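Fold and contact review
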Amino acid sequence: MTVAARSPITSEIDFHADGKQSGFLRLPHSVHRSAYGWIPIPIAQVKNGDGPTLFLMSGNHGDEYEGQVTLTKLIQTLEPEAVRGRIILLPMANYPAAKVGMRTSPIDDGNLNRSFPGDPEGSVTQIIAHYIEHLLLGLADYSIDLHSGGSSLHYLPTVLFGERKDPAENATILKMMRSFGAPYACRFARSAEHVSSAAARRQGVASLTVEMGGSGTVSMESLKVAEEGVRRVMASFGFLENPDVVPEVETRVLSVSSNECFLYAGEEGLFEPRVELADSVQAEQLAGMIHTPEMPWKPSIEVRFKTSGLVVCKRVPARVERGDCLFHLGTDLAI
Ligand SMILES: [Zn+2]
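I will try to describe carefully the structure that is included in this document. All residue numbers refer to positions counted from 1 along the written sequence of the respective chain. The predicted nature of this model means local features are confined to residues of pLDDT at least 70 and side-chain atom pairs, given and counted, to a pLDDT of 80 or more, with totals for whole chains, interfaces and linings taken over all residues. The side-chain quantities take in all heavy atoms of the structure and omit both hydrogens and water.

Here's the deal with the pattern of salt bridges
A pairing counts as a salt bridge when a side-chain nitrogen of Lys or Arg comes within 4 Å of a carboxyl oxygen of Asp or Glu. This model, assessed by the stated rule, comprises 19 salt bridges. Ionic pairing is found between Asp18 and Lys47, a salt bridge with its closest N-O pair at 3.0 Å. Within this pair, whereas Asp18 is found in the loop between strand 1 (10-11) and strand 2 (19-28), its partner Lys47 is found in strand 3 (residues 38-48), the two being separated by 29 residues in sequence. Categorising residues by exposure relies on relative accessible area from a 1.4 Å probe, with only protein chains included: less than 20% of the type maximum marks a residue as buried, more than 50% marks it as exposed, and the intermediate range marks it as partly exposed. Take Asp18: its relative accessible area is 48%, and that puts it in the partly exposed class. The exposure class of Lys47 is buried, given its relative accessible area of 10%. Arg201 is the partner of Glu193 in a salt bridge, and the nearest nitrogen-oxygen pair spans 3.1 Å. Residue Arg201 is classed as partly exposed on the basis of its relative accessible area of 30%. One network of salt bridges, with partners in common, ties together Glu133, Glu193, Arg201 and Arg202. Secondary structure elements are defined from DSSP: runs of H or I of at least 4 residues count as helices, runs of E of at least 2 residues count as strands, and each element is numbered from the N terminus.

As structure tokens, this is what we get:
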């Protein structure tokens, strides 16, 4: 049975037809208010002749908005005459989560970016993950998954990338990272198996994950980096007729090489940060204080960095529980 036949999702667009198409992926969902209903996951494709395929995705986490705005604007402006090959755009990948502005789905609590490779007979989120990995990434040569810090984190405009076994794939990914031209890039040593970048790797697709801002907002700065980065990757890989591929800034490449790069709250309370995004910090430097206003006489607790590096991501809400990520660091990497 083909992948498309195994999935309950049907597509309103024909992935093999030239031109600009938009519509929905229909995921059957029988509920009290709609017995024979389906979940409408928006999708668009712009195709002009034969050539490679770029798959662009956002709304993997529903409370990350920069990518959703970037792809929505791109769907409205990208015309087949200006394109070579095929560009598939999925702006609200976990549609139920994106519809309500949540990281996870209100239907099954599913975190799409922890659900790959998915299951065509599983929950709603697992069915979406399966369709993205096996059908959409199965069509693609290159992919970009646009994230941000969401509701609880804020990132410097950063591209995340991993290392593959195949040197040619690594070279392609590095070219994508340089073309995107974000101010920062982080190479992650850890490779989780249930994230979209692992799905792309399994499908032999050269991929980037992008982290743009966050805090549940859309900032002009983050949006500019995201929009220009996507356009430069399209241009660099031959998808646009008139490429202008020179990034405004050179990317500072960092490594996230160990768990020590991540700093967590060891107590609950109110977190007072003592460093900011883009600060260079040293091991043992004071990162902040956790206060307990419920018992204000209790001594506040110091939180110190475990390693040195650049602050690329910080927690947004002041209220913290034990186990919440407060900061993560990257260390300069020569590649
Ligand atoms: Zn995300």
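Next, the rest of the story.
Remarks on the pairing of strand 9 (residues 206-214)
Two faces belong to every sheet, and in a regular strand the side chains alternate between them. Counting buried residues along strand 9, nine of its nine residues qualify, which places the element largely inside the surrounding structure. Note that strand 6 (residues 142-147) and strand 9 share six bridges and pair parallel. Each bridged residue has a counterpart across the sheet, and for Asp145 the counterpart in strand 9 is Thr209. For two strands to count as paired, DSSP must find a minimum of two bridges between them. In this structure, strand 7 (residues 153-161) lies alongside strand 9, joined through five bridges in antiparallel fashion. When the bridges of strand 9 are listed, Tyr155 appears paired with Gly213.

Section: the coordination of the zinc ion
Surrounding the zinc ion are the protein donor atoms His61 (ND1), Glu64 (OE), Glu64 (OE) and His147 (ND1), which sit 2.0 to 2.3 Å from the metal. For the zinc ion, the four donor atoms are set out with angles of 57 to 146° between them, so the coordination reads as irregular. The rule for donors is simple: N, O or S, within 2.8 Å of the metal, or within 3.2 Å if the metal is Na, K or Ca. Water isn't counted, so a site may look like it is missing partners. Taken in chain order, the donor set of the zinc ion reads H-x2-E-x82-H. Taken individually, His61 and Glu64 each receive the classification buried, so the pair is uniform in this respect. Working rule for geometry: tetrahedral if four donors all subtend angles between 85 and 135 degrees; square planar for four, octahedral for six, if opposite donors exceed 155 degrees and the others stay between 65 and 115; irregular in every other situation.

Here we look at the nonpolar core
Soluble, globular proteins show a tendency: their nonpolar side chains are buried together. Leu56, Ile87, Phe180 and Met234 are the most contacted members of the largest nonpolar core, which totals 36 residues. The element contributing the most residues to this core is helix 7 (residues 220-236), with six residues. Apart from the residues lying within four places of it in its own chain, the contact partners of Leu56 are Leu71, Leu74, Ile87, Ile88, Leu89, Leu90, Ile144 and Val230. Throughout this description, the term nonpolar core refers to a set of buried Ala, Val, Leu, Ile, Met, Phe, Trp, Tyr and Cys residues connected via side-chain atoms within 4.5 Å. With 32 residues, the next largest nonpolar core counts Phe15, Leu25, Leu90 and Ile132 among its residues. Every residue pair with non-hydrogen atoms within 4.5 Å of one another is taken to be in contact.

Regarding the packing of helix 5 (residues 167-180) against helix 7
At a closest axis distance of 7 Å, the pairing of helix 5 and helix 7 adopts a crossing angle of 135°. As summarised for this structure, helix 5 and helix 7 are arranged oblique, according to the angle between their axes. The handedness of the crossing between helix 5 and helix 7 is right-handed. Each of Lys175, Met176, Ser179 and Phe180 in helix 5 lies in contact with helix 7, whose residues at this interface are Val225, Ala226, Gly229, Val230, Arg232, Val233 and Ser236. Classification used: nonpolar for Ala, Val, Leu, Ile, Met, Phe, Trp, Tyr, Cys and Pro, charged for Asp, Glu, Lys and Arg, polar for all others including Gly. Across the contact of helix 5 with helix 7, the residue classes tally to six nonpolar, three polar and two charged. Under this scheme, a helix contributes an axis fitted over its contacting stretch, all axes are lines through C-alpha atoms, and angles between N-to-C directions fall in the 0 to 180 degree range. Put simply, angles under 35 degrees are roughly parallel, angles over 145 are roughly antiparallel, angles from 65 to 115 are roughly perpendicular, and the rest are oblique. By convention, the crossing between two helices is left-handed when the near helix turns anticlockwise from the far helix through less than a right angle, and right-handed when the turn is clockwise.

Description of the environment of Gly181
Residue position: Gly181 is located in the loop between helix 5 and strand 8 (184-188). The class of Gly181 is buried, set by a relative accessible area of 5%. Residues in contact with Gly181, not counting those within four places in the same chain, are Arg232, Pro247, Val249 and Thr251.

Notes on the packing of aromatic side chains
Geometry of aromatic contacts follows a simple scheme: Phe, Tyr and Trp rings, the Trp one being its six-membered ring, pair when their centres are within 6.5 Å, and the pair is stacked under 30 degrees between planes, edge-to-face over 60, tilted otherwise. For the coordinates displayed, the defined rule picks out six aromatic pairs. Measuring from ring centre to ring centre gives 6.3 Å for Phe24 and Trp38, while their planes differ by 50°; the resulting arrangement is tilted. On the criterion of sequence distance, the pair formed by Phe24 in strand 2 and Trp38 in strand 3 is long-range, its members being 14 residues apart. Overall, Trp38 belongs to the partly exposed group, its relative accessible area being 35%.

A short note on the sheet that holds strand 17 (residues 319-320)
The antiparallel open sheet is built from four strands, whose spatial order is 15-14-12-17. Looking at which strands have only one partner, the edges of the open sheet turn out to be strand 15 (301-304) and strand 17. Here strand 12 (residues 269-273) runs beside strand 17; their pairing, made up of two bridges, is antiparallel. Looking across to strand 17, one finds that Gly269 is bridged to Val320.

Examining helix 7
Look at helix 7: 24 Å from first C-alpha to last across 17 residues, which is about the 24 Å you get at 1.5 Å a residue. Among the residues of helix 7, Ser222, Leu223, Val225, Ala226, Gly229, Val230, Arg232, Val233, Met234, Ala235 and Ser236 are the ones counted as buried. Remark: Gly238 follows helix 7 within two positions and exhibits a positive phi of approximately 80°. Expected helix span is computed as 1.5 Å times (number of residues minus one).

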